[in-house]
Amino acid sequence: MTTTSITHDLAATALAALERIGASVPTAGDGPTLHARSPLTGQNLLELPAASVADVDSAVRAAHRAFLTWRSVPAPVRGGLVKRLGQLLTDHKADLAELITIEAGKITSEALGEVQEMIDICDLAVGLSRQIGGRTMPSERPGHRLMETWHPLGVVGVISAFNFPAAVWSWNTAVALVCGDPVVWKPSEMTPLVSIASAALLDRAIADSDAPRDLHRLVLGARDVGEALVQHRHVALVSATGSERMGAQVGPLVAARNGRYLLELGGNNAAVVAPTADLDLAVRGIVFAAVGTAGQRCTTMRRLIVHEDIVDDVVARLATAYRGLPVGDPRAEGTLVGPLINAASRDRMRAALERAVDDGGTVVVGGETVEVPAAPGAVYVSPALVRMPHQSALVTEETFAPILYVMTYRTLDEAIEIHNGVPQGLSSSIFTRDQREAERFLSEAGSDCGIVNVNIGTSGAEIGGAFGGEKSTGGGRESGSDAWRAYMRRATNTVNYSDELPLAQGVNFA
Ligand code: UN1
C-alpha cells in the first residue's frame, strides 16, 4: 500500500468511528481552517473549519447563559448528566480509542486506557455530586452558626494538549459539570477529530439529560482561539495543560484580569534506584514510564538517578529491554512504541541527543530513526538511553520525546538533591526495599513533586488522586481527591439565630 492509500484508509476509518459515535464532521468553508492529521503517515486526513475570535466570544457567552440555569440545578441531578456521559464513553470506548490512535499515535492498549480514564473520572464525578460541600466551624458567639457553602464558579475554559487529547478534557469537564460549571474547550490543533468525537458524546448526554445545550462548546483553532478564551472575562477558570512556555503566557494573562487559573505544565520526572531495589520490578516500571506513549506523557520518566554500586547492572538490564522494544504501527499487535507526533519532535530529540554527547554523555542505545517503509512521512524513533556524567543544563529541560538520562549518586541526600535540582516538579519515584529510604523520599525533605511514588514508575496515575505538580509545572491539581474545589467558589456564612448582636473579637460598639 502507498502512504496516500494508507492515509485514505485512516481517514475512512476515522470517519466511520465518528459516525458510530454520532458526531457530524463540519466541512471547511471560507473562514479559518485547520487540518486533521495522522502521525501514522504524517499526512493530512481532512480539512476542518476553525473558530474565529468572534466565535470564541459567542461560545463563552452562550456557555455563560447556560451557567445561569445550570448553577441552580441540584448537584446530584447534575451528576446524572455525567453518569450518562460515562455510559456513552463505555459504549463507544473502542471508537474513541481508535480515533486517539489515529490522531495521537497511541498504541491500542494505551488508547483504550485513556478512554477508561475518562470513564473512571465520570464515576468519580458522579460520586462527588453527592459529596461536594462545606464545613461547619464552631462560632465564638452564642446563637451563631459559622459555615461555608460551595457554589458553582462559572465558565471553565479548558486548553488541552495532543498527548492526552480526550482524558485531560474529561478530568476537567466531568468535575466542572457536577460543580455547576459549563465548559468551553480549546483542544490541541493536532487532535481535532478526538475532540469532535468527545464533544459529540457529551452533546448527546446533555440532550438525553435535558440539560442546557450550551453547557459545552468546542472551539477548534490555533493560538488566537486559545488567547481569546484565556482573556475572556466570562471565563472564570482557565485550566490549561501543556508546555511550561504556554503556561508562562497563560498565567499572567488570566492574572491581569484577576481570573483563576489551573496549570498543569511540563514534567521532568525522575526515579531514584536504590541499592536494595527489586531490579526486575524496577526495570519493568522504568521502561513503561520512560517509553510508554513514545515518551510523550507529561509524566514520562526522563531522568534516572541510580546508586553507583548498581548502575552498570541497571543500565545493562535497561539496554537489553530497550533493544527488544517493538517500534512501529501502533495498531499492530505487539507494538509498544508508536510514532512521535511530528518531525519537529524528532528534531528536538536529535538536538537533545547531540547536546547530551557535547555535555559528555554517552548514548547507550536508541535515538535512531526507525524506517517504516509503508509510512515514510511518519516519525518513528527508537527510545534513547543516555548515561550522563552529571545533570547538565540540557537534563534540566523537558524534551518531549523518549530520552532517559541516567546519572549516579552515592548518598540518598545527594540523590534527592539531583532529583529536586530541576525547575519542574510533577512526578517522581523511588525504587527501594528500605522503608527508611522510601519514607525519606516521601517526606517534606524528599521529593518536591506533586506525585511521589514508591516502587512504581512516574506515569500512569489513577484518577482518584489529585493530579499535578509544583514549581514550573504550575501548581494546579486536576482529577480526584479535593481538586473539585478549584472549580467552585467558597462562601463563608455567619448566621445569627439569637436575639443579641455580640461582635466578634469582643468589640464593643455601643
Ligand atoms: C499527561 O500526560 O498530560 O499519569 C497526563 C498519567 C496519566 C495522565 C497523563 N494518567 O500518566
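Residues numbered from 1 in each chain as written. Predicted model: local features only at pLDDT ≥ 70, side-chain atom pairs only at ≥ 80, totals over all residues. Heavy atoms only, no water.

The chain has the name aldehyde dehydrogenase (NAD(+)) in an unreviewed UniProt entry, where Georgenia ruanii is given as its organism. As recorded by UniProt, the Sequence similarities (unreviewed entry) comment attached to the chain reads in full: "Belongs to the aldehyde dehydrogenase family." As its UniProt record puts it under Subunit (unreviewed entry), the chain is described as follows: "Homotetramer." (UniProt positions renumbered as here; feature names shortened; annotations may be inferred.)

*Asks:* Sorry, what's going on with the overall build of the chain here?
*Replies:* Helix and strand counts for the chain come out as 14 helices and 21 strands. Its C-alpha radius of gyration of 24 Å places the chain within 12% of the 24 Å reference for a compact globule of 510 residues. Principal-axis analysis of the C-alpha atoms places the extent of the chain at approximately 80 × 60 × 40 Å. Of all 510 residues assigned to the chain, the portion counted as buried reaches 55%. (Helix = DSSP H or I, 4+ residues; strand = E, 2+ residues; numbered from the N terminus. Rg over C-alpha atoms; globule rule 2.2 N^0.38 Å. Buried < 20%, exposed > 50% of the residue type's maximum accessible area, 1.4 Å probe, protein only.)

*Asks:* Could you clarify how one ought to interpret the nonpolar core in this entry?
*Replies:* Most often, soluble globular proteins have nonpolar side chains that are buried together. By size, the foremost hydrophobic cluster in this structure holds 79 residues, and its most contacted members are L81, L96, L99 and L193. Here the element with the most residues in this core is helix α6 (residues 167-179); it accounts for 10 residues. A domain-level breakdown of this core finds at least three residues from each of domain 1 (3-265 + 474-490) and domain 2 (269-454). Sequence-distant contacts of L193, defined by excluding residues within four places in its chain, comprise A14, L18, A36, L45, L46, L48, L99 and E103. (Core = buried A, V, L, I, M, F, W, Y, C linked by side-chain atoms within 4.5 Å. Domains from an automatic or database assignment. Contact = heavy atoms within 4.5 Å.)

*Asks:* Any chance you could explain the UniProt feature "active site" (unreviewed entry) in the chain here in plain terms?
*Replies:* The UniProt feature table records "active site" (unreviewed entry) at E264. Mapping E264 onto the fold places it in strand β9 (residues 260-264).

*Asks:* What should I look at first to understand the domain arrangement of the chain in this one?
*Replies:* Quite often, the size of an interface is put as the accessible area lost when its parts meet. Taken domain by domain, the chain holds domain 1 (3-265 + 474-490) and domain 2 (269-454). On the side of domain 2, 30 residues touch domain 1, which itself brings 24 residues to the contact. Both sides together, the interface formed by domain 1 and domain 2 hides about 2,000 Å², and carbon and sulfur atoms give 57% of it. By the criterion of area lost to domain 2, the three top residues of domain 1 are L40, I107 and E110, representing 24% of everything that side buries. The tally of links from domain 1 across to domain 2 stands at 1 salt bridge. Here E110 and R297 are joined by a salt bridge, their closest N and O atoms 2.8 Å apart. Elements represented by at least two residues in the side of domain 1 that touches domain 2 include exactly α1 (3-21), α4 (93-104) and α5 (108-128). (Buried area = accessible area lost by both parts, 1.4 Å probe. Salt bridge = Lys/Arg side-chain N within 4 Å of Asp/Glu carboxyl O.)

*Asks:* How should I be thinking about the packing of aromatic side chains in this particular structure?
*Replies:* Applying the stated criterion across every chain, the model contains 4 aromatic pairs. A ring pair is formed by W150 and W484, whose centres lie 5.2 Å apart and whose planes are at 70°; its orientation type is edge-to-face. Taken as a pair, W150 in strand β4 (residues 144-152) and W484 in the loop between β20 (478-479) and β21 (488-496) lie far apart in primary sequence, 334 residues in all. By relative accessible area, W150 is classed as buried at 10%. (Phe/Tyr/Trp six-rings, centres within 6.5 Å; stacked < 30°, edge-to-face > 60°.)

*Asks:* Would you mind going over the site of the ligand with me for this structure?
*Replies:* In the region of the ligand, the neighbouring residues are E117, N163, F164, W171, E264, R297, C298, T299, S459, G460, A461 and F467. One of the side-chain nitrogen or oxygen atoms of E117 is found 2.9 Å away from a nitrogen atom of the ligand. Note that an oxygen atom of the ligand is positioned 2.7 Å from one of the side-chain N or O atoms of T299. The residue makeup of the shell around the ligand, split by class, is 5 nonpolar, 4 polar and 3 charged. Residue contributions to the shell around the ligand reach at least three from each of two domains, namely domain 1 (3-265 + 474-490) and domain 2 (269-454). (Near = heavy atom within 4 Å. Polar contact = N/O pair within 3.5 Å; in protein donor to acceptor, adjacent residues only side chain to side chain. Nonpolar A, V, L, I, M, F, W, Y, C, P; charged D, E, K, R; others polar.)

*Asks:* Can you walk me through the side chain of S170 in this structure?
*Replies:* Within the fold, S170 resides in helix α6. You can call S170 buried: its relative accessible area is 1%.

*Asks:* So what exactly am I meant to see when it comes to helix α2 (residues 53-70) here?
*Replies:* For the α-helix, the turn length of 3.6 residues means that residues three or four positions removed from each other point alike. An ideal rise of 1.5 Å per residue puts 26 Å on 18 residues; α2 measures up with 25 Å between its terminal C-alpha atoms. Three or more residues of α2 are buried, namely V56, A59, V60, A62, A63, A66, F67 and W70. Down the axis of α2, the smallest arc covering the buried residues is 165°, so these residues share one side. Set apart from the buried face of α2 by more than 90 degrees, the exposed residues are A54 and R65. (Expected span 1.5 Å × (residues − 1). Arc of directions from axis to C-beta.)

*Asks:* Hey, could you run me through the UniProt feature "domain: Aldehyde dehydrogenase" (unreviewed entry) in the chain in this one?
*Replies:* UniProt tags residues 32-490 as "domain: Aldehyde dehydrogenase" (unreviewed entry). Measuring from the first to the last C-alpha atom of residues 32-490 gives 40 Å, for a span that is 39% helix and 21% strand.

*Asks:* Is there a simple way to explain the pairing of strand β10 (residues 269-273) in this structure?
*Replies:* One face of the sheet, then the other: side chains in a regular strand alternate in exactly this way. Judged by how many residues are buried, β10 sits mostly within the fold: 5 of 5 residues are covered. Taking every second residue as pointing to the same face, both faces of β10 are buried, with N269, A271 and V273 on one and A270 and V272 on the other. Pairing analysis gives 5 bridges linking β10 to strand β11 (residues 301-307), with the strands arranged parallel. When the sheet's bridge partners are listed, N269 is paired in β11 with M301. The handedness of the β10 to β11 crossover, carried by helix α10 (residues 279-291), is right-handed. By the bridge criterion, 4 bridges tie β10 to strand β16 (residues 427-431) in an arrangement that is parallel. Opposite A271, over in β16, you have S429 as the bridge partner. (Pairing = 2+ DSSP bridges. Right-handed = clockwise from strand over helix to strand, strands pointing away.)

*Asks:* So what exactly am I meant to see when it comes to the packing of α2 against helix α8 (residues 223-231) here?
*Replies:* Each pair of packed helices gets described by two things: the angle between the helix axes and the distance between those axes. Packing of α2 against α8 brings their axes to within 9 Å, and their N-to-C directions diverge by 35°. Regarding α2 and α8, the two cross each other, and that crossing is right-handed. On α8, the residues touching V53, V56 and V60 of α2 are D224, V225, A228 and L229. Grouping the amino acids of the contact of α2 with α8 by side-chain chemistry returns 6 nonpolar, no polar and 1 charged. (Axes fitted to C-alpha atoms, helices over the stretch in contact; angles between N-to-C directions. Left-handed = near helix turned anticlockwise from the far one by under 90°.)

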